[in-house]
Amino acid sequence: MKIDLTDTTSSKINKALVQGRRAIGTPAVGMVLTLVIVTDEENAYDALKAANEASREHPSRTLVVIKRVSRSPRDRAKARLDAEVRVGTAAGTGETVILRLYGEVINHAQSVVLPLLLPDAPVVVWWAVNAPLDPAKDPLGALAQRRVTDTYAAEQPIQELSARADTYTPGDTDLSWTRITPWRSMLAAALDQVQCEVTAVEVEGEEFNPSVELLAMWLAGRLAVPVKRALSAGPGLTGVRMETDSGPISLGRSDGSLATLSIDGQPDRAVALKRRETAELIAEELRRLDPDDTYATALKFGVDRLGEPQEQTRASESDASVTADDAKAKPAAAAAKKAPAKKAASK
């Protein structure tokens, strides 16, 4: 069932939701969270399709916020809200409200969304495109327990990763990190099969793919070894090679679906490592609403530290601390030297 509302308000939208539930014979609200999707008109269809598929696992009220840019100054000065309410089969297993904001109301999207949130239920905000550099300080992000971005959709993904690290707040996460969950699981399982010490790692993938950098930073932080980032034609991540004292361990995927795990002294094994759709990524993120500390640690490792020997990194950090201590000590030493001279002069 679909209900179109033109030049409406949040109160009228809530009434339309109640009317729609009664019309299809399900007056009770059986949803577990509110998912707020911030997108543009171009990407709204794909984002809503992914959310509807994820709602089979997580029944939710989905609020799609589309900020429409007005062309004329007169239209930009006016505030208008259009809505499309979907319940029943048209909205998956939950409810969907598509909000189109015009004029001044674009700058106050949180005032439109707030009355539509499910009471006593968690809120997740997902920016399909054009995510803010600091999601926690965004007016919509401030309403959520979980804030999902997608660095892969940014114009400069690698620079975006560095900005995310500087502004990270518990509850932030990124779909570029979610994409490498199967890779992390497979690599951890491979290392559990062999008693060895990793000495170096190389991560290979297409250019401008932040998932490659995130996997490399995760490995560098966990294994405390230098990790080299190599380029390939893709798609996405194509391979990881770990040098160990018991021989090399490699995981390669050239076609985006089937990977080969090679461990020295064991036969090669084919493993399923398919590139996942956005709906699967969103469903995974909705399974946990607590802060992802592992993501935070990998993100804060720093892209610029990839490839550095860990001993060099620790030495540079210790040198920096010693330099800072010396800088603090020099004024005190200078003052101590001058004190006796002043005392002798007084005598």
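Residues numbered from 1 in each chain as written. Predicted model: local features only at pLDDT ≥ 70, side-chain atom pairs only at ≥ 80, totals over all residues. Heavy atoms only, no water.

## Some remarks on the nonpolar core
Then comes step 1: The biggest cluster of nonpolar side chains holds 38 residues, and the ones touching the most others in it are Val201, Val203, Leu214, Leu215, Leu219, Val240 and Leu251.
Then comes step 2: Elements with a minimum of two residues in this core: helix H5 (157–166), helix H7 (181–192), strand S9 (198–205), helix H8 (210–223), strand S11 (237–244), strand S12 (249–252), strand S13 (258–263) and helix H10 (293–301). (Core = buried A, V, L, I, M, F, W, Y, C linked by side-chain atoms within 4.5 Å. Buried < 20%, exposed > 50% of the residue type's maximum accessible area, 1.4 Å probe, protein only. Helix = DSSP H or I, 4+ residues; strand = E, 2+ residues; numbered from the N terminus.)

## Quick look at unusual backbone geometry
Then comes step 1: Here the amide bond leading from Gly234 into Pro235 is cis, since omega sits at 5°, within 30 degrees of zero.
Then comes step 2: Tracing the sequence through the fold places Pro235 in the loop between strand S10 (227–231) and S11.
Then comes step 3: Its identity as a non-glycine residue notwithstanding, Asp7 has a phi of 50°, on the positive side.
Then comes step 4: Here Asp7 lies in the loop between strand S1 (2–5) and helix H1 (10–23).
Then comes step 5: One non-glycine residue, Ala224, adopts positive backbone phi at about 55°.
Then comes step 6: Note that Ala224 resides in the loop between H8 and S10.
Then comes step 7: For Ala224, a relative accessible area of 33% puts it in the partly exposed group.

## Focus on the sheet that holds strand S4 (residues 79–87)
Then comes step 1: In spatial order, the strands read S1-S4-S5-S3-S2-S6-S7-S8; together these 8 strands make up an open sheet with mixed pairing. With partners counted over all chains shown, the strands left at the sheet margins are S1 and strand S8 (172–174), one partner each. Looking at each pair of strands side by side, their axes are set apart by 15° on average, direction ignored. (Pairing = 2+ DSSP bridges. Axes fitted to C-alpha atoms, helices over the stretch in contact; angles between N-to-C directions.)

## Comments concerning the environment of Ser70
Then comes step 1: Inspection of the secondary structure puts Ser70 in the loop between strand S3 (60–67) and helix H3 (73–77).
Then comes step 2: On the basis of relative accessibility, which here comes to 13%, the residue Ser70 falls in the buried class.
Then comes step 3: It is 6.8 Å that separates the C-alpha atoms of Ser70 and Tyr102, two residues lying 32 residues apart in sequence.

## Digging into the sheet that holds S10
One key point about sheets: their strands pair by backbone hydrogen bonds, in either a parallel or an antiparallel sense.
Then comes step 1: Judged by pairing direction, the sheet is mixed, and its 6 strands sit side by side in the order S10-S9-S11-S12-S13-S14 without closing on themselves. The open sheet is flanked by S10 and strand S14 (269–272), the only strands paired with a single partner. Within this sheet the neighbouring strands show an average axis-to-axis angle of 15°, counted without direction.
Then comes step 2: Bridge count for S9 against S11 is 7 bridges, and the pairing is antiparallel. Pairing of Glu204 across the sheet is with Gly239, part of S11.
Then comes step 3: In the packing of H7 onto the sheet, the strands contacted are S9, S11, S12, S13 and S14, and the crossing angle to S11 comes to about 25°.
Then comes step 4: Seen against the sheet, H8 touches S9, S10 and S11 and runs at an angle of roughly 175° to S9. (Contact = heavy atoms within 4.5 Å.)

## Re H7
Then comes step 1: Under the 1.5 Å per step criterion, the end-to-end length of H7 is 17 Å for 12 residues, consistent within 8% with the ideal 16 Å.
Then comes step 2: Those residues of H7 that sit buried are Thr181, Trp183, Arg184, Leu187 and Ala190. (Expected span 1.5 Å × (residues − 1).)

## What about the packing of aromatic side chains?
The geometry of an aromatic ring pair is captured by two quantities: the separation of the ring centres and the angle between the planes.
Then comes step 1: Considering all chains together, one arrives at 2 aromatic pairs under this definition.
Then comes step 2: The interplanar angle of 55° and the centroid separation of 5.7 Å between the aromatic rings of Trp177 and Tyr295 together place this pair among those described as tilted. Taken together, the residues span a long stretch of sequence, with Trp177 in helix H6 (residues 175–178) and Tyr295 in helix H10 at a distance of 118 residues.
Then comes step 3: For Tyr295, a relative accessible area of 2% translates into the label buried.
Then comes step 4: Grouping aromatic residues by their ring pairs yields a cluster made of Tyr168, Trp177 and Tyr295.
Then comes step 5: Over the face of the ring belonging to Tyr102 we find Arg80, whose NZ or CZ atom lies 4.2 Å from the ring centre.
Then comes step 6: The lysine or arginine in question, Arg305, covers the ring of Phe301, its NZ or CZ lying 4.2 Å from the ring centre. (Phe/Tyr/Trp six-rings, centres within 6.5 Å; stacked < 30°, edge-to-face > 60°. Lys NZ or Arg CZ within 6 Å of the ring centre and 35° of its normal.)

## Overview of the confidence of the model for the chain
Then comes step 1: Of the residues in the chain, 84% have a pLDDT of 70 or more, and the chain-wide mean is 85.
Then comes step 2: Throughout residues 311–347 the model reports pLDDT below 50, and contacts reaching past four residues in sequence, or to other chains, amount to 4 contacts. (pLDDT = per-residue confidence, 0-100.)

## Digging into the pairing of strand S5 (residues 95–103)
Then comes step 1: When you tally the buried positions in S5, you get 8 out of 9 residues, the bulk of the element.
Then comes step 2: Pairing of S3 with S5 involves 7 bridges; the strand directions are parallel. By the bridge assignment for S5, Leu63 is matched with Val97.
Then comes step 3: Strand direction decides the pairing type here: S4 and S5, joined by 9 bridges, are antiparallel. Counterpart to Leu81 in the pairing with S5 is Leu101.

## What about the side chain of Thr178?
Then comes step 1: Topologically, Thr178 is positioned in helix H6.
Then comes step 2: In terms of polar contacts, Thr178 uses its side chain to reach the side chain of Glu285, at 2.4 Å.
Then comes step 3: In contact with Thr178, not counting residues within four places along its chain, are Arg276, Leu281, Glu284 and Glu285. (Polar contact = N/O pair within 3.5 Å; in protein donor to acceptor, adjacent residues only side chain to side chain.)

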